[in-house]
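# Understanding the architecture of this molecule
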Amino acid sequence: MTGVAIAGTVQLGASVLRYRLDVGPGEHLTVIGPNGAGKTALLKTIAGLLRLSEGRLTAGEQVLDEPARGVFVVPPDRPVTLQPQTGALFPHLSVLDNVAFPLRLRGARRFEARARARELLEGLAIDSLADRRPAGLSGGEAARVALGRSLAADPAGLLLDEPAAALDVAARAQLRHHLVGLDRTLLTVTHDPVEARLLGRRMAVVHEGRVAQVGTAEEIAARPASPWVATLLGLNIVSGTARGREVALASGATVRLAERADGPVNLTFPDNAVTLHDVEPHSSARNVWAIAVTGLHAEGDRVRVAFVGPMEGAAVVTTAAADELGLRPGSSCWASVKATELTVLPG
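If you're wondering where the values come from, they're calculated on a predicted model, not measured in any experiment. Chains are numbered independently. Their residues run from 1 in the order of the written sequence. Under the rules for a predicted model, residues below a pLDDT of 70 receive no local features and side-chain atom pairs below 80 are neither given nor counted, while totals for whole chains, interfaces and linings still include all residues. Think of the side-chain values as coming from all heavy atoms in the structure, minus any hydrogens and water.

### Thoughts on the layout of surface pockets
The criterion, for reference: In the cavity and pocket records, a cavity denotes points on a 1 Å grid over the protein atoms alone where a 1.4 Å probe fits but cannot get out, a pocket denotes an open set with protein on both sides within 12 Å along at least 5 of 7 lines, and lining residues are residues with an atom within 4 Å of a point. Grid points are joined across faces, edges and corners, and a volume is the space filled by probe spheres set on the points. Put simply, DSSP marks the helices as runs of H or I at least four residues long and the strands as runs of E at least two long, and each gets a number from the N terminus on. Classification convention: Asp, Glu, Lys, Arg as charged; Ala, Val, Leu, Ile, Met, Phe, Trp, Tyr, Cys, Pro as nonpolar; all other residues, Gly among them, as polar.
Size it by volume and the largest pocket reaches roughly 810 Å³. Along its surface, the largest pocket is lined by 25 residues, and Val194, Arg197, Asp271, Glu299 and Val316 are the ones closest to its centre. Elements represented by at least two residues in the lining of the largest pocket include exactly helix H5 (169-180), helix H6 (193-199), helix H7 (217-222) and strand E16 (302-308). When residues of the lining of the largest pocket are assigned to their parent elements, the largest contribution, five residues, is made by H6. Class assignment for the residues of the lining of the largest pocket results in twelve nonpolar, two polar and eleven charged. Of the pockets and cavities examined, the second largest pocket occupies roughly 670 Å³. Along the walls of the second largest pocket sit 24 residues, with Val80, Thr81, Leu82, Leu105 and Ala153 positioned nearest its centre. At the level of elements, strand E7 (80-83), helix H2 (95-105) and helix H4 (139-152) are the ones that each hand at least two residues to the lining of the second largest pocket. Looking at the lining of the second largest pocket residue by residue, the class counts come to 16 nonpolar, four polar and four charged.

### Examining H5
Structurally, the α-helix is built with 3.6 residues per turn, so residues lying three or four positions apart point the same way. Counted only if it meets this: The span expected for a helix works out to 1.5 Å for each residue beyond the first. Contacts were defined at the residue level, with two residues in contact if any of their heavy atoms lie within 4.5 Å.
The first and last C-alpha atoms of H5 sit 16 Å apart over twelve residues, in line with the 16 Å expected at 1.5 Å per residue. Here the buried face of H5 lies against strand E3 (28-32), helix H3 (110-123), H4, strand E8 (157-161), strand E9 (185-190) and H6.

### A short note on the packing of H2 against H4
Put simply, the rule is: In this description, a line fitted to the C-alpha atoms serves as the axis of each element, helices being fitted only across the stretch in contact, and the angle between N-to-C directions of two axes falls anywhere from 0 to 180 degrees. Orientation labels follow simple angle bins: below 35 degrees gives roughly parallel, above 145 gives roughly antiparallel, 65 to 115 gives roughly perpendicular, and whatever is left gives oblique. Should the near helix be turned anticlockwise from the far one by less than a right angle, the crossing is left-handed, and should it be turned clockwise, the crossing is right-handed.
Remark: H2 packs on H4, axes separated minimally by 7 Å, with the N-to-C direction vectors making an angle of 25 degrees. Put simply, H2 runs roughly parallel to H4. The chirality of how H2 crosses H4 is right-handed. Note on element contacts: H4 touches H2 through Val145, Gly148, Arg149 and Ala152, opposite Val95, Asn98, Val99, Pro102 and Leu103. Looking at side-chain class alone, the contact of H2 with H4 contains six nonpolar, two polar and one charged residues.

### Some details on the pairing of strand E17 (residues 313-318)
Under the convention used in this document: Buried, partly exposed and exposed residues are distinguished by accessible area as a fraction of the type maximum, computed with a 1.4 Å probe on protein chains only: under 20%, between the cut-offs, and over 50%, respectively. Pairs of strands are assigned from DSSP output, requiring at least two bridges between the strands.
E17 sits mainly inside the fold: five of its six residues count as buried. Of the pairings in the sheet, the one linking E16 to E17 comprises six bridges and is antiparallel in character. Considered in E17, the bridge of Val305 is made with Ala315. Turn length for the E16-E17 hairpin, with the two strands adjacent in sequence and antiparallel, is four residues.

Quick look at the structure:
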């Protein structure tokens, strides 16, 4: 296994992308951001499909790209493999031969390559698909075949571009199970904050062609670098004007803070920091609002509750709590958030 470190810029048309990121040996790190943020370009740069205009890219002790010294390692000689979003399986080859292809490319005999490919298919629980063609596979099956082909190259690092895109819930869970168990450096691009939390211990947030913030989901949620990062992670966010330990909202409501602030601010807090009540709670440590439920979305044994009131936001409760409170679109209840759960960002 090897780690990857990049600190440099990439000229992509009229845009300049600026990356600074370190991935430890064997680490599973996810890259999250909206479409067009520069996530895929980051993977392509590490894979060697895009070149740095300045800076340095290394894999372990090996320099892969350093324009100032004229160093550039071509993609086939890099210790990483890029798996594109589509999987890019060869339609004319069987599943077995798709997975065996990287081994054959490196000079392995057909029998040896196929034997190793069968081992990989067994490990991914899809050995029964060996004789099928890609056109006959489901989305989840094709995703696992593509993963098997990527692993056949035995890369020290694996670069995955939206591997679970367009998969249903069950197929995503199956693929995630295999990815989490991989014993190698893994860099996975996704636009889904939930997927990002499940696939890696740390995440890198990419925005407008730069790495805006890196850390665990908890670290980023607790101190998002900007309102945009907070919104991307699905945090509740509300704006107002602070005076000391109070913030006046445009709705006329007042929010109490655990720390002093002054001037325009944005307040962020996670949906699981919101507690819902059937009667008004009384606590000096809490901010309390009367709210109206606008929507419910089941997520396993929990329910995400969208609401409006002095602010618009969301809470997460158990299905049992939702039933006990009688929550439904249009129903009313009380919401509370501890002052210590609020993060204050400049307005």
